[in-house]
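Remarks on the overall topology
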Amino acid sequence: MSSARLRALVVCPGRGSYGKFQLGSLKNGSPIISKLDAFRASLNRPTITELDSAERYSGLKHVAGENASLLTFAATANDVSQLDPEKVDVIAVAGNSMGFYTALYASGALDLMEAARLVETMGDRQRKNVIGGQVLYPIVDEDWVESPSQKSTVQEVLTWENTFESISLGGTAVIGGDTEAVRKILRDMPKIIHGLREYPVQLPLHSAFHTPLMNETSDWAHSVLSDLSIRAPKIPLVAGDGRIFGRWASTDEILDYTLGSQVVDPYDFSKSIKSALYDYAPDTVVLPGPGDTMGNPVATIMIKIGWRGLRDKADFIEAQRSDSPVIISMTRENQRSLVVI
Amino acid sequence: MALSRADIVDKLFVDRVSALEPRELRSDLTSPVREGASLTARQALGIFETQASSRHLDFTARRLKITGDSFYTISSSGHEGSAAVAEALRPTDMAFLHYRSGSFFVQRGRQVPGESPLFDVLLGMVASSDEPIAGGRHKVFGSKPLNIPPQTSTIGSHLPKAVGAAAMMDRHQRVQFSPELPEDSIVFCNFGDASSNHSTSTGAINSACWAAHQNLPVPILFLCEDNGLGISVRTPGSWVESAYAHRPDMAYFRGDGLDIVDAYETALDAVNYVRTTRKPGFLHLKLIRLLGHAGSDVQQNYHPLSKIQEDEAKDPLFQTAKLLVEGGWATPKQLLDLYEDLRVRTEALGKEAVSRPKLMTREEVVAPMAPIDPDAIENEVLRGIDADQRGEFWGTRLPESDRPRHMAMQLNRALGDLLVKYPESVIFGEDVAKKGGVYHVTADLSKKAGVGRVFNTLLDEQTILGLAIGAGHLGYLPIPEIQYLAYLHNAEDQLRGEAATMQFFSNGQFKNPMVVRIAGYAYQKGFGGHYHNDNSVAVLRDIPGLIIASPSRGDDAVSMLRTCMAAARVNGTVSVFLEPIALYMTKDLHEVGDELWRVPYEPQSSHIAIGEGKTWREGSDITILSWANGLWMSLRVAERLEREHGISVRVFDLRWLAPFPIEQMLEESNKTGKVLVVDETRATGGVSEGIFTALIESGFTGDLRRVAAMDSIIPLGDAANLVLVQEDQIEEAVLEMVGGEK
């Protein structure tokens, strides 16, 4: 084992990550993409390559769960396969929301095609079957420091009817609710300008995952995916409740979590990243695939817990400019080169 | 450079595991790890990871000590079998841990998702303010989410409170209050073989047996981790077993702490016994101590090398590795990979921990010590009591309808009302139930509130205060009684080292609110002497954050008791309520029949804030500062001096001995420029020393004198008056101070 290798936590992004800037990023014809293309073709669905090669990024085509899910998975898995073992030692894997499915693959708990089956099955369920929705709201200020007032606004909204905590995403709260609740949130929650956007913002075509509104989906998943061939992870896998599945974990427990609690209970991404940092002390966090969007959530978690002395956005930017960035986004060429062949 | 014992233990483990013969790997990890065991292979693998983590924490601590970054190197090496005990318990079983509990702590941390026990322990070692339980104030094993109240546990002083928590665990059946823990929870408490001899330990275990002997539930599992050494002193091989295997109503379990299967199976039996019978259990695990007592301890100086090597050969971590390899559950390489991975992880985590902030200001250090929120306390005092519930408690004759009465009676009524106001409150001590206390302060309360809420304890003050701490941890509002001030002293550390430190060591996350009532001071007619009329309070005055209330008359006593209870509820405050025995039944002040020391009972009196004194008498020639018996005497002397000498004496009652009403004291003193402190405690270490210092430091520049009790043990009978402050001394001092001018 070379001491020069970066000890890395790999964080896999959620479904909404593949955006217009990713178009064309999967043209390198890797075996992973070929296998996934074949899988999609067998289902009579647009292949990953077709989606990735589209002239224009289309909301309907690229954002819809039945396409976006496997597209994001493919891009992430493809990047994970390109990590150079001479440069990087993956010591733990986590994910956000659907990214947990990808993490199952990256940790070795699922092989590529079983992971693809899981992603595709859950994604396809979204076709014409979006249940409620998810809304984003920042709980940090412009310096990425937690804002007590914004946090208390979110707490207040969570007391509204059929409104649930969906994902604790670092500096962003993801609130889930039924259609009426989402409408009310968008109408009545105090507006706030953060960065260039006004919040609350609804995630397009997303169901209220990680809330009790998904109980039926979870039951259904158990009925169609209980044969999922899960193995004990080769690399420790961090779940959305902070639990860590190690090399001797119970596969029944992983399956039960994946199809049960992961779907209907809040996904505490913040806790999972904190757990991973505080248990493994990685040199860096690698964001594969279209995971650049995870940079802000991970950075705000690091700032919240004072990781590597980070106190605000300015500290983070400075750390990123150093020779050993705390986050390596594989979307960014200069950072990607630190971890790929 | 010579290898340290830590290096030797480390290398020996690696060499011995490398030499193990790999077996064909089995994948059925739900199978027993060894034939006939209930411990599964998966559990055993998890325990190995915990044990190896704990071992590397010890190594990292020593490395960080060399660089000056770690302040704590007492290790858990050799005691890793406690991980198997944690596995047999639930994270909701409250655990009071001793200082070699690294493996227990890590194992419990693994049972609750999102916990980071490795990093937390390292933050504690480097005293970082980011450490989640003590905030850098001490290296302790503690955690709110893991139900582990922190303590340093160096002298077995955590056993009384562990027994206290256990004794209160099932009391909800008799009190309209339930702790926020599952109903079948038990309490766990571990300690070493040497600590088992400490009076706190023997007393606490005795108390648990005493209660169980009467069929009172005390669901506690004691774990004696017997490594055969108390620092350098050998524990006789069969001592622990001889001392504890045959105690009444306590089951004894013995296991091998070096073998996780035996440790787990025995622990499971013990846990099940305690959980189902609600009786105490004593688990005795034989194990070893590796790496010496602490980093600075050179064990070769008192322990033969051959014995050290013999123990190192018994390394429990290797025993677990051997079990796993020989069972086909893991290969030597897998275990060594994990071992090396943990080495890298703990080193990296240690590096991060070192970079974390430290406590930098005095304010930060003391912030959680004993926070007081005066407004919230006042609001709580003024919160009314439900009239119907009061009526139900007192019956047709409400106490306020009675004629004016003395302090003991008014305290009784205040306690009654507090029992109504706080359904979670409990009163206990020696003789407080049927007898109603030595001075009848708790008379009839047991009958009215029920024996579940007002109950007798055995004759042991450490147990009484430990019971209060444990009760406080579970959410109760305890009002323990110590029968006499002199009896506090054998148990005082339960306040000093435990109760008063809890918020400090837990950054305010754990609280043990209580109001300790103590009958104290001298001047008791027809009785007395050192053992019943002690006048030493110095031992309380220097406990940071401890509130000491000391009323003189019934009306103040009632209001101040309400304030202390409100502070306990609002801020988790620990208060000592020092009641002057000699004034309990006093009716008159200046002359027989004036009844000036009797007062009517007010169900809703005005609020007396903590640290708020009272001017009893206006005057312009001299100010007397006093409290309790001294106040009563001073008022009498002041009246006489006015009448006979025309001297105008101000009399100010401190009412609170901690914190002092400093601003008021200064203001009162400056009004006359002459101050006489009447101090019924001893000249040396007595309260007047603190009053003098406070006044001078506050800028008082006038005349300052005192009369105080002699530095003497208080004798029996009238001879006591020879050493105690007397009225003629007060009179003489005042005359000397103002005589020339009048």
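Above this note sits the structure.
Parameters and conventions
Residues numbered from 1 in each chain as written. Chains lettered and ligands numbered in written order. Predicted model: local features only at pLDDT ≥ 70, side-chain atom pairs only at ≥ 80, totals over all residues. Helix = DSSP H or I, 4+ residues; strand = E, 2+ residues; numbered from the N terminus. Rg over C-alpha atoms; globule rule 2.2 N^0.38 Å. Buried ≥ 20, exposed ≤ 12 C-beta atoms within 10 Å, placed from the backbone. Contact = placed C-beta atoms within 7 Å. Nonpolar A, V, L, I, M, F, W, Y, C, P; charged D, E, K, R; others polar. Pairing = 2+ DSSP bridges. Axes fitted to C-alpha atoms, helices over the stretch in contact; angles between N-to-C directions. Core = buried A, V, L, I, M, F, W, Y, C linked by C-beta atoms within 7 Å. Parallel < 35°, antiparallel > 145°, perpendicular 65-115°, else oblique.

A count of helical and extended segments in chain A gives 15 helices and 12 strands. Radius of gyration (C-alpha) of chain A: 19 Å, near the 20 Å computed for a compact globule of 341 residues. For the C-alpha atoms alone, the extent of chain A along its principal axes is close to 50 × 50 × 45 Å. Across the 341 residues that make up chain A, the buried fraction comes to 51%. Of the contacts made within chain A by residues no fewer than 6 positions apart, 77% connect residues no fewer than 24 positions apart.

Turning our attention to the environment of Tyr278(A). Looking at the element boundaries, Tyr278(A) is found in helix H12 (residues 269–280). Placed 132 residues apart in sequence, Tyr278(A) and Glu146(A) show a C-alpha to C-alpha distance of 20 Å. Dropping the residues within four chain positions of it, Tyr278(A) is found in contact with Ser116(B) and Phe119(B).

Where interface size is given, it is often the accessible area lost as the parts come together that is meant. Tallying the contact residues gives 14 residues for chain A and 15 residues for chain B. When residues of the side of chain A that touches chain B are assigned to their parent elements, the largest contribution, five residues, is made by H12(A). Taken together, the residues that form the side of chain A that touches chain B break down as four nonpolar, five polar and five charged.

Attention now goes to the sheet that holds strand S15 (residues 622–626) of chain B. Residue and element names in this part refer to chain B. With respect to topology, five strands assemble into an open sheet ordered S14-S16-S15-S18-S19, the strand pairing being mixed. Strand pairing shows two members of the sheet lacking a second neighbour, strand S14 (614–617) and strand S19 (703–709), which therefore form its edges. Neighbouring strand axes in the sheet, compared pairwise and without regard to direction, differ in orientation by 25° on average. Pairing geometry for S15 and strand S16 (residues 649–653), over five bridges, is parallel. Across the sheet, the residue bridging to Ile-624 is Val-651, located in S16. With respect to the sheet, helix H24 (residues 628–645) is in contact with S14, S15, S16 and strand S18 (674–682), its orientation differing from that of S16 by roughly 165°.

Moving on: the pairing of strand S10 (residues 477–482) of chain B. Each regular strand displays side chains that alternate between the two surfaces of the sheet. Residues and elements named next belong to chain B. For S10, a buried count of six out of six residues is recorded, marking the element as mostly surrounded by other parts of the structure. Taking every second residue as pointing to the same face, both faces of S10 are buried, with Leu-477, Ile-479 and Glu-481 on one and Pro-478, Pro-480 and Ile-482 on the other. Here strand S8 (residues 425–429) runs beside S10; their pairing, made up of five bridges, is parallel. When the sheet's bridge partners are listed, Ser-425 is paired in S10 with Leu-477.

In this section: the nonpolar core. In this structure, Ala74(A), Ala44(B), Ile220(B) and Ile548(B) are the most contacted members of the largest nonpolar core, which totals 322 residues. Excluding residues that lie within four positions of it along the chain, Ala44(B) makes contacts with Val33(B), Leu39(B), Ile260(B), Thr320(B), Leu323(B), Leu324(B) and Trp329(B).

Moving on to the environment of Gly554(B). Residue and element names in this part refer to chain B. Note that Gly-554 resides in helix H23 (residues 554–571). Sequence spacing of Gly-554 and Arg-405 is 149 residues, and the spatial spacing of their C-alpha atoms is 7.9 Å. In contact with Gly-554, other than residues within four places in its own chain, are Arg-405, His-406, Met-407, Gln-410 and Val-599.

Once that is clear, we can look at the packing of helix H5 (residues 99–106) of chain A against helix H6 (residues 112–124) of chain A. Residues and elements named next belong to chain A. Between H5 and H6, whose axes approach to 9 Å, the crossing angle comes to 170°. Taken as axis vectors, H5 and H6 run roughly antiparallel relative to one another. Within the contact between the two elements, H5 uses Tyr-101, Thr-102, Leu-104 and Tyr-105 and H6 uses Leu-112, Ala-115, Leu-118 and Val-119. The residue makeup of the contact of H5 with H6, split by class, is seven nonpolar, one polar and no charged.

Scope: geometric values only; no functional claims are made or implied.
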